[in-house]
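# What the coordinates show
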Amino acid sequence: MSGALFQYPGAVVMTVVGAGAARFLTDNRKWLDGIVAGLSAVGVALVASAAKGLLMKLCNTKVTAIVGTLAAAAAIYWSEPWLYPLLIVLGFIVTNITERKKDCRLTGNDGGVESLGFDMLGGGVLIGAWLVVLAVVLALARTVYKHGDGPLNWFEVFYRIGSIIYGGGQVVLPMLLTDVVQKDENGKELENTWVTEKQFYAGLGAVQAMPGPLFNFSAYLGCIIAKRNGYTFILGAVLAWFGLFSPGVMLMFGVLPFWKRFRTWQIYRRGLPGMNAVGVGLILASVFKMTLDVWRISPFPNASLCIALFAFTAVDELKIFEPIVVICGALLGLLGWGAKLD
């Protein structure tokens, strides 16, 4: 019940927004470009605010700061899907080495909890089901449906990304951007791209004004992908939303039966700071990459950076309610268009 109340309202709203964006954000209206530029700038600023909070909390030692920085640099320079899990494993190894003499034994108790959902057999079956689905969709998308633009290809992208990310919703953004906004070898957006950059960044701003997790962005993207490929928007929203959410849900309930045991392992507890630092580094990388994108596609690049700066201060320091900041960003973008700012 709590999961439904947390996830579904925002997912429904973003589905409606996505259905509209698939049509209206392809219109060549200059005033609309101004609003989109404002929304895009605010969207990146809110991700930057989240990155700052995590950076101060999880990269507060010299080792974790170095691990996070190197992970961010690697993610900025390379964008291969295998890089993310590799960095997480490396972060786990590094802090196991640097903290090898530290006593990380768990003290206290677990509150008397004896059962966490499934038993170990049920948890193992659920983890196995996740792996089987992942293997099947990967194989089909790279053989039978290679170079396709159909529903299975959409589901494969979101399910694959949902299976390999670590560190929060912001980590998923550069991976989604790479897969759904298709470009040629010169970096130019293809005519048949699933989602345009303008649609992507406008949705990023909108989703952060909505209740619920950032993963609801998938419903928005799914609507646009389906509409641009001649399918009903509901199909795209459902496949993208379940594709991104289901791996995490399956793994969470699959791992819970084993959690009471392995949470006490010192090798896990020593490696956790390194894994967390990598997660923060990946979010930091997404901030840098998306800031450059927003600056590049804006009709008034310098003004967009100013809007992003204002939004960051409003949310991070002044603690203004995020939906208000998003609306103000859109209005400032409209003002930038009207004033013909640079």
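What counts, and at which threshold
Residues numbered from 1 in each chain as written. Predicted model: local features only at pLDDT ≥ 70, side-chain atom pairs only at ≥ 80, totals over all residues. Heavy atoms only, no water. UniProt positions renumbered as here; feature names shortened; annotations may be inferred. Helix = DSSP H or I, 4+ residues; strand = E, 2+ residues; numbered from the N terminus. Rg over C-alpha atoms; globule rule 2.2 N^0.38 Å. Buried < 20%, exposed > 50% of the residue type's maximum accessible area, 1.4 Å probe, protein only. Contact = heavy atoms within 4.5 Å. Core = buried A, V, L, I, M, F, W, Y, C linked by side-chain atoms within 4.5 Å. Patch = residues over 30% accessible without salt bridge, like charges linked within 9 Å, V, L, I, M, F, W, Y side chains within 5 Å. Areas by Shrake-Rupley, 256 points an atom, 1.4 Å probe, with all protein chains shown as cover. Salt bridge = Lys/Arg side-chain N within 4 Å of Asp/Glu carboxyl O. Phe/Tyr/Trp six-rings, centres within 6.5 Å; stacked < 30°, edge-to-face > 60°.

An unreviewed UniProt entry lists the protein under the name Chromate transporter, with Volvox reticuliferus as the source organism. In its Sequence similarities (unreviewed entry) section, the UniProt record describing the protein reads: "Belongs to the chromate ion transporter (CHR) (TC 2.A.51) family."

Another aspect to go through is the overall build of the protein. Along its length, the protein carries 13 helices and 0 strands. Counting from the amino terminus, the protein carries its helices and strands in the arrangement α-α-α-α-α-α-α-α-α-α-α-α-α. Whereas a compact globule of 342 residues would reach a radius of gyration of roughly 20 Å, the protein reaches 21 Å, a difference of no more than 12%. Overall, the C-alpha framework of the protein stretches about 60 × 45 × 40 Å when taken along its three principal axes. Taken across its 342 residues, the protein has 45% of its residues classed as buried. Of the contacts made within the protein by residues no fewer than 6 positions apart, 77% connect residues no fewer than 24 positions apart.

It is worth spelling out unusual backbone geometry at this point. In the Ramachandran plot, Lys319 falls in the positive-phi region, its phi being about 55 degrees despite a non-glycine side chain. Residue placement: Lys319 occurs in the loop between α12 (301-316) and α13 (322-338). In this structure Lys319 comes out as exposed when scored by relative accessible area, which is 63%. At Lys340, a residue that is not glycine, the phi angle is positive and equals roughly 55 degrees. In this structure, Lys340 sits in the segment after α13.

A separate point is the nonpolar core. Judged by nonpolar contacts, the single largest core of 88 residues is most densely connected at Phe158, Val195, Phe200 and Phe217. Here the element with the most residues in this core is helix α2 (residues 30-58); it accounts for 11 residues. Residues in contact with Val195, not counting those within four places in the same chain, are Val180, Val181, Phe200, Leu221, Ile224, Ile225 and Arg228.

Another point: a nonpolar patch on the surface. A cluster of nonpolar side chains, contributed by Trp82, Leu86, Val89, Leu90, Ile93 and Ile97, occupies part of the molecular surface with about 550 Å² of accessible area. Along the chain, Leu90 turns up in helix α4 (residues 83-98).

Following the criterion strictly, the structure yields 10 aromatic pairs and no others. Summarising the aromatic geometry, the rings of Phe200 and Phe217 are spaced 5.1 Å apart at their centres and angled 70 degrees between planes, so their arrangement reads as edge-to-face. With Phe200 in helix α8 (residues 197-207) and Phe217 in helix α9 (residues 217-228), the pair connects residues that are 17 residues apart, well separated along the chain. By the burial criterion, Phe200 is buried, and Phe217 matches it.

Below, the discussion takes up the UniProt feature "transmembrane region" (unreviewed entry) in the protein. Summarizing the sequence annotation, UniProt attributes the feature "transmembrane region" (unreviewed entry) to residues 5-25, 31-51, 82-99, 120-145, 199-221, 233-259, 271-288 and 320-339 in the numbering used throughout. Here residues 271-288 is 100% helix and 0% strand, with 26 Å between the C-alpha atoms at its ends.

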